[in-house]
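# Structural overview
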Amino acid sequence: MEKRACAERRDFFVVEEFGDIRILRYEVPAFERLPLREKLFVYYLSRAALAGRDILWDQNNRYNLRIRKALERILTRYRGERTGREFESFLLYAKQIFFANGIHHHYSMDKFSPGFSPAYLKSLLEAVGAGEEYPDLERIVFDPGYMPKRVVLGGATDLLAASANNYYAGVTQPAAEAFYRQKLREQGGRPVAVGLNSTLVMHQGQLTEEVWHAGGKYGKEISKIAAYLEKAREYAWDNLQQEVTDLLVAYYRSGDLSLFDAYSIAWLKEQQAPVDFINGFIEVYGDPLAYKGSWESVVEITDKEACRRTEILAENALWFERQAPVEERFKKREIVGVTARVMQVAMLGGDCYPATPIGINLPNSEWIREVYGSKSVTFDNITYSCHQASLGNGLLEEFAFSDEELALHRKYGYESGNIHTDLHECLGHGSGKMLSGVTPDCLKSYYSTLEETRADLFALYYIADEKLLKLGVVSAPEVGKCEYNSYIRNGLMTQLTRIQPGGDLEESHMRNRQLIASWVYEKGGKTGVIERVVRDGKTFFVIRDYPALRALFGELLGEVQRIKSEGDYEAARQLIEGYGVKVDRELHAEVLERYAALGIPPYAGFLNPEYTLIKKNGRPVDVRISYPDSFLRQMLAYGEESGR
Ligand code: ZN
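First things first, this report covers the structure right here in the doc. Because the structure is a prediction, the values reported are computed rather than measured. (Residues numbered from 1 in each chain as written. Predicted model: local features only at pLDDT ≥ 70, side-chain atom pairs only at ≥ 80, totals over all residues. Heavy atoms only, no water.)

If you walk across this open sheet you meet the three strands as E1-E2-E13, and the pairing is mixed. The open sheet has two edge strands with one neighbour each: strand E1 (14–18) and strand E13 (603–607). Strand after strand, the sheet turns through a mean of 25° between neighbouring axes, direction not considered. Relative to strand E2 (residues 21–25), E1 runs antiparallel, the two being bridged by four bridges. Looking at the pairing, Glu-16 lines up with Ile-23 of E2. (Pairing = 2+ DSSP bridges. Helix = DSSP H or I, 4+ residues; strand = E, 2+ residues; numbered from the N terminus. Axes fitted to C-alpha atoms, helices over the stretch in contact; angles between N-to-C directions.)

Next comes the structure, spelled out in structure tokens:
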């Protein structure tokens, strides 16, 4: 990636902030290097990635599209006063809804409450000739008790009745559960994902599924998606990728879920093409019963250089296993390195936009995962953008102890974070073995935290090993130092910003990070490996001896591997409950106070680049990429597009 001055770069990545949201941009340098054929493939896939947007809006709530169209109409046609408190509140409300793909917050699932009056909305609608919309919209916009939450996962007698999403109509939770239990019973050993692509409707006393396909519900959008996929197919990389596209189109046209499975298997096998994509009804988080897939799409381009790094690690997996500070009987004799593909996102759509995952592991079908495995991709231009945006937001300046620590992070922070992830994913999880007769359920609910701890320790131990320098995986010895600083700072302090006052750690990655950091802090305390320093009333954790810290990581790795290999439940319980769960209340309060003072919005999302097809004499000769700079303009452009 081209190097420019830091502050200038940050301006590129941070577009704007509103409410609890920051809007960022991501760059796609890999796109420029593609030959024309691949560029055209990306172009048509990106059209397909945008064509299903309205499906997601409707899935999230049945009023969403009507409200969005009313907002779009006001924003494009209102000629009255566009300043003042009420219009500002209206603008904020509109942006929040655009960001969340509907009237409920994308993360908390709570309905947004407008900061303007009903009379004001009425006047805006009347001014743009849409006054007749008002009576229907009044209750949904202004009554906080009406459809208050998009997805309710517990604490209600009927989760479907309590959830404001639009996957079920007139159906009770017991009726839906019985319906799908019966459907599952009719399946063999390789069941399709029953219910994934339909709305379940009670019609004249009968339960029926309105299937989402080209000839059924969402037919207009799905036909558009399929048409773009067929255009893209002409530029697919090889026969396998053509087959992937054909199967997906056949599934969209028929709604047949066994075709979706066939597509997923073909997609898994495609590991060579420089461009890859996801497009479909995939994740089920939006349905409290976890049957219904929300529509999403991602188009991605292989980052060759970054993939080379994970390949080198995989090729040397056995060396790392042999050298690990772990008892010989817990080591594997043979290692199959997992190659996680590193990609650059080229377009985000549906449920992946604007809030974006930083990696995806698919398919979700259990039996396909067992028989064919899964494909893991990480999006490094998204993490790069997040990293650039974080420079200068004040977080690091607040919690890093010295200028040296700051400078190290600015120079190597992005690299060290990526290498840590590579080591964790490609080597950490795959290392070590369980003694015969020991299975994961020996460790019960502690298994996943212990497993994440093990993978992190493997990464921490090796990130400071000179072998990585020799292999050309890291650029400098300071990368390890930088990662140690970040890990301790995050594990003991900054990750606590995500926990409510008085709360404990519940999520397994958060538990494992605190476990590791507080264990090495305690063990190394007496010999001064990590020192707790209070300066001007602020707490810092300062690493005084990096080689000794590495040795401690190694010691803990040996113990954690023993616990896993032997299935030692009691030791796992003591380690995790002792170090990974309880939060130091006083330190937590201090961290929250220091964090609040920085005013950093907690959620981020991304603007998409724009692709323009250049034709000469009716033939495509190029695709140009550009990076827009207004969130609202992109939203309005997408809205206009869907009207066509
Ligand atoms: Zn992991």
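This is not the end of the story, as more comes after the structure.
Counting across every chain of the model gives 40 aromatic pairs. Here Phe-13 and Tyr-384 contribute two aromatic rings whose centre-to-centre distance is 5.7 Å and whose plane-to-plane angle is 80°, an arrangement assigned as edge-to-face. You can see Phe-13 sitting in helix H1 (residues 6–13) and its partner Tyr-384 sitting in helix H17 (residues 380–390), a full 371 residues away along the chain. Tyr-384 shares its class with Phe-13; the two are buried. Centroid distance Trp-212 to Tyr-218: 5.7 Å. Interplanar angle 55°. Geometry classified as tilted. With relative accessibility at 1%, the residue Trp-212 sits in the buried group. (Phe/Tyr/Trp six-rings, centres within 6.5 Å; stacked < 30°, edge-to-face > 60°. Buried < 20%, exposed > 50% of the residue type's maximum accessible area, 1.4 Å probe, protein only.)

The coordination sphere of the zinc ion, as far as protein atoms go, consists of His-424 (NE2), His-429 (NE2) and Glu-452 (OE), spread over 2.1 Å. Read from N- to C-terminus, the donor residues coordinating the zinc ion fall into the pattern H-x4-H-x22-E. Note that His-429 is positioned in the loop between helix H19 (403–428) and helix H20 (447–463) and Glu-452 in helix H20, a separation of 23 residues in sequence. (Donors = N, O, S within 2.8 Å, 3.2 Å for Na, K, Ca; no water.)

Strand order in the open sheet made by the five strands is E6-E7-E8-E10-E9, with mixed pairing throughout. Sheet topology places strand E6 (275–281) and strand E9 (359–362) at the edges, where each strand pairs with a single neighbour. Shown here is a sheet whose adjacent strand axes are inclined to one another by a mean of 30°, direction ignored. With respect to the sheet, helix H14 (residues 304–315) is in contact with strand E7 (295–302) and strand E8 (341–350), its orientation differing from that of E8 by roughly 130°. Lying on the sheet, H17 is in contact with E8 and strand E10 (375–379); it crosses E8 at an angle near 85°. (Contact = heavy atoms within 4.5 Å.)

Our focus in this paragraph is the pattern of salt bridges. In total, this model carries 43 salt bridges according to the counting rule given. Between Glu-72 and Arg-68 there is a salt bridge, with its nearest N and O atoms 2.9 Å apart. Of this pair, Glu-72 and Arg-68 are both found in helix H5 (residues 64–77), four residues apart, which corresponds to roughly one turn of the helix. Residues Glu-72 and Arg-68 agree in their burial class; the two are buried. Residue Lys-149 is joined to Asp-110 by a salt bridge in which the shortest nitrogen-to-oxygen separation is 2.8 Å. Of the two residues, Lys-149 is situated in the loop between helix H8 (134–142) and helix H9 (159–162) and Asp-110 in the loop between helix H6 (85–100) and helix H7 (118–127); the sequence distance between them amounts to 39 residues. We classify Lys-149 as partly exposed; its relative accessible area is 29%. Residue classification places Asp-110 among the partly exposed residues on the basis of a relative accessible area of 35%. Beyond isolated ion pairs, a larger network of salt bridges with shared partners links Glu-327, Arg-329, Glu-559, Arg-562, Glu-566 and Asp-568. (Salt bridge = Lys/Arg side-chain N within 4 Å of Asp/Glu carboxyl O.)

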